[in-house]
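Here's the letter readout for the chains.
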Amino acid sequence: MLLTTLYIIGITAEAMTGALAAGKRHMDWFGVMLVASATAIGGGTVRDILLGHYPLGWVANPQYLAITCLAGLFTTMVAPLVVRFHKVFVMLDSLGLIVFSIIGCRVAMDMGLSPLICIVAAVVTGVFGGLLRDLICRRQPLVLHKELYASVSFLAGAMYYGMLYVGIDSNIVTVSTLVVGFCIRMAAVQFSWSLPVFHFEENDTGTAEAKPKA
Amino acid sequence: MLLTTLYIIGITAEAMTGALAAGKRHMDWFGVMLVASATAIGGGTVRDILLGHYPLGWVANPQYLAITCLAGLFTTMVAPLVVRFHKVFVMLDSLGLIVFSIIGCRVAMDMGLSPLICIVAAVVTGVFGGLLRDLICRRQPLVLHKELYASVSFLAGAMYYGMLYVGIDSNIVTVSTLVVGFCIRMAAVQFSWSLPVFHFEENDTGTAEAKPKA
Amino acid sequence: MLLTTLYIIGITAEAMTGALAAGKRHMDWFGVMLVASATAIGGGTVRDILLGHYPLGWVANPQYLAITCLAGLFTTMVAPLVVRFHKVFVMLDSLGLIVFSIIGCRVAMDMGLSPLICIVAAVVTGVFGGLLRDLICRRQPLVLHKELYASVSFLAGAMYYGMLYVGIDSNIVTVSTLVVGFCIRMAAVQFSWSLPVFHFEENDTGTAEAKPKA
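Predicted model only: the values in this text are computed from it and were never measured.

Chemist: Before we move on, can you summarise the relation of the copies chain C and chain A with the specific residues and values?
Modeler: Turning chain C through 120° and shifting it by 0.0 Å along the axis lays it on chain A, with an RMSD of 0.0 Å. Between the two chains, the operation in question is that of a three-fold axis. Here only 11% of the contact residues of chain C are again contact residues in chain A; the copies associate through non-equivalent surfaces.

So, in structure tokens, the structure goes:
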């Protein structure tokens, strides 16, 4: 199935970028495998736990965990290549974001949950892997600051749900969401689109302003 | 129901203070909604996951998640007001603490769990939202240092459980716990009551002392 | 049962070292109990949540939570002793690591899960308590940097599963795994064995190398 193939490509790419984050923190091989796996399958794990969807994806299919661990270790040997092909990984990461969002929405829909929860499931699946990676690596969570990431995940989830709701063929919905979502995300990277940032500084007059990121 | 109304007030206030924390970290709107929601409904989420109480509160009732996200975004527009009415928010936060503790205890009691677990459920529901907020915002967890917070949650849970155990009418128990818990918490704020702090410094003689916070 | 006795010794020792970590962060008594409990029973909690194994160990047996909280508070009174007997605690921590790994593997096996997941359950149970402790205390996760820790947990889980798989008597398997795992771990401490560390520095040539920790 197209989605499964793209999922495997997605978790492999995410695991490799996650491994680099572990390398920046000088972690040992266990740390590399942990961060790689958290980045790649952590979002789906959080989604499954929040929805009570057991067994978790990788518990039922341990080969996915094996893939992320091996991809992580592999990265320690080819790190310079990952750096040189940075742009390819940005594209793979963006592809993975849409794939994960679609899968997350799908899982929630199959459980008969409300539209809002299906879209939340899409965002959690797409975004929480990076959040976990940054929490373990003790750095500022990238997904809360970067160009449109969670927003694209939200749009992908909403598009996927909406198109299925009006009865469009499932394969067409999947492919359209992948194409549109990927393009919006790559455009956001290209043109540095981002959500408004909330700057709050406490001072005597208690002023605060929200403005787009400079 | 009184508890539901107070719960909505509580999560709204918690979401607004959570949004300010996100603003201090210059997060974008997604970050604001994430931190606001984590602060407001994160405690109940952790409680439900620990107890295996599915579906989670906000998954079954997505309007609560919508409220916290909207309250968070609203805060970005009225942040100076939140600062000016800081004392009101401290009171609302204290009210929310007791409401969350009562609800947490209630959920565990309905599952037939032991007294200790019911009280733990109260504390987790009351306190873990702030803990999650501080973990995401990468700052020293406030609830582990501030004036009596977890202790008040503990007392509220114990009082609620105990009074129901001896057969007092449920409405009386709820109102009494709210009043007593709120008063103890506000007194703790007023008089800076706090738990003893454990200071551990490793030195040659390995001395350490626990003393009340100065 | 031998395993239960060793488990109680293990969680007590883990709670005491966890309490010291809370003391270094000047947390109050609630923080001490939280970190002590997270260190001691946090690994098993994460394992149960990942496997959907409800009720959690300490929810079904609240006495374990009471033990960790009391052990944590007790540590605030005898901290100098814990420092003086540091080597004893390293041994007890190593013993606890193997006990937790065996129990984690056992739980997953009883659920009929695959060999890889059983070994992952062993590692999660053995290692995630320390990870949670370091996340709450906002410090570099020790388990991702120290001498063979997760590796020993992995080996213990693999050994336990393998020996049971080929039909060796359960008691012999438990005792052998305890002895062998404990010896390997203490040897790792003695000789500073550790996994290779992944050092990744981003520079113009994008070089990176993985080498054993100096």
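Next, the rest of the story.
Chemist: Could you give me a rundown of the environment of A:T45, with the residues and numbers involved?
Modeler: Structurally, A:T45 can be placed in helix α2 (residues 29-51). In this structure A:T45 comes out as buried when scored by relative accessible area, which is 11%. The spatial distance from the C-alpha of A:T45 to the C-alpha of A:L56 is 6.3 Å, given a sequence separation of 11 residues. Apart from residues lying up to four places away in sequence, A:T45 is in contact with A:L56, A:W58 and C:L50.

Chemist: Give a description of the side chain of A:D134 that names residues and reports values.
Modeler: Tracing the backbone shows A:D134 in helix α6 (residues 115-136). Residue class for A:D134 comes out buried when judged on its relative accessible area of 0%.

Chemist: Go over the interface of chain C and chain A with me, naming the residues and quoting the values.
Modeler: At the junction of the two partners, chain C supplies 36 residues and chain A supplies 31 residues. Of the roughly 2800 Å² buried between chain C and chain A on both sides combined, carbon and sulfur atoms contribute 74%. Linking chain C to chain A there are 0 salt bridges. At the boundary of chain C with chain A, the tally comes to 6 residue pairs in polar contact (both at pLDDT 80 or more). Among the residues making up the side of chain C that touches chain A, the classes are represented as 24 nonpolar, 7 polar and 5 charged.

Chemist: Break down the side chain of B:T75 for me, with residues and values.
Modeler: With respect to the secondary-structure elements, B:T75 resides in helix α4 (residues 63-84). Here the side chain of B:T75 touches B:A71 through a polar contact of 2.7 Å, landing on its backbone oxygen. Other than its neighbours up to four places away in sequence, B:T75 contacts A:F198, B:M16, B:A19, B:L20 and B:V82.

Chemist: Let's hear about the UniProt feature "domain: Glycine transporter" (unreviewed entry) in chain A: which residues, and what values?
Modeler: Residue and element names in this part refer to chain A. Within this structure's numbering, the places UniProt gives as "domain: Glycine transporter" (unreviewed entry) are residues 6-78 and 91-163. When the span residues 6-78 is considered, its composition is 86% helix and 0% strand, and the gap between its end C-alpha atoms is 22 Å. With 77% helix and 0% strand, residues 91-163 has its two end C-alpha atoms placed 25 Å apart.

Chemist: Which residues make up the interface of chain A and chain B, and what are the values?
Modeler: How big an interface is tends to be expressed through the accessible area that disappears when the partners come together. Tallying the contact residues gives 36 residues for chain A and 31 residues for chain B. Around 2800 Å² of area is buried between chain A and chain B when both sides are counted, 74% of it from carbon and sulfur atoms. Its largest share of buried area at the contact with chain B, chain A owes to A:L144, A:F198 and A:F200, together 26% of the area lost on that side. Counting every contact that joins chain A to chain B gives 0 salt bridges. Inspection of the region where chain A meets chain B yields 6 residue pairs in polar contact (both at pLDDT 80 or more). Where the side of chain A that touches chain B is concerned, the elements lending two or more residues are α2, α6, β1 (196-200) and β2 (208-212) of chain A. Among the elements that line the side of chain A that touches chain B, the one with the most residues is α6(A), at 8 residues. Looking at the side of chain A that touches chain B, its residues break down into 24 nonpolar, 7 polar and 5 charged.

Chemist: Please set out a nonpolar patch on the surface residue by residue, giving values where relevant.
Modeler: All names here are of chain A. Nonpolar side chains collect at one region of the surface, where L2, V175, V179 and V180 lie side by side and expose about 300 Å² of accessible area between them. Here the element with the most residues in the nonpolar patch is helix α8 (residues 170-191); it accounts for 3 residues. Among the secondary structure elements, L2 is positioned in helix α1 (residues 2-24).

Chemist: Account for the relation of the copies chain A and chain B, with residues named and values stated.
Modeler: Mapping chain A onto chain B is achieved by rotating through 120° and translating by 0.0 Å along the same axis, at an RMSD of 0.0 Å. In this assembly, only 11% of the residues forming the interface of chain A have copies in chain B that are likewise at the interface, indicating a heterologous arrangement.

Conventions used here
Residues numbered from 1 in each chain as written. Chains lettered and ligands numbered in written order. Predicted model: local features only at pLDDT ≥ 70, side-chain atom pairs only at ≥ 80, totals over all residues. Heavy atoms only, no water. Least-squares fit on C-alpha atoms with pLDDT ≥ 70 in both. Contact = heavy atoms within 4.5 Å. Helix = DSSP H or I, 4+ residues; strand = E, 2+ residues; numbered from the N terminus. Buried < 20%, exposed > 50% of the residue type's maximum accessible area, 1.4 Å probe, protein only. Buried area = accessible area lost by both parts, 1.4 Å probe. Salt bridge = Lys/Arg side-chain N within 4 Å of Asp/Glu carboxyl O. Polar contact = N/O pair within 3.5 Å; in protein donor to acceptor, adjacent residues only side chain to side chain. Nonpolar A, V, L, I, M, F, W, Y, C, P; charged D, E, K, R; others polar. UniProt positions renumbered as here; feature names shortened; annotations may be inferred. Patch = residues over 30% accessible without salt bridge, like charges linked within 9 Å, V, L, I, M, F, W, Y side chains within 5 Å. Areas by Shrake-Rupley, 256 points an atom, 1.4 Å probe, with all protein chains shown as cover.

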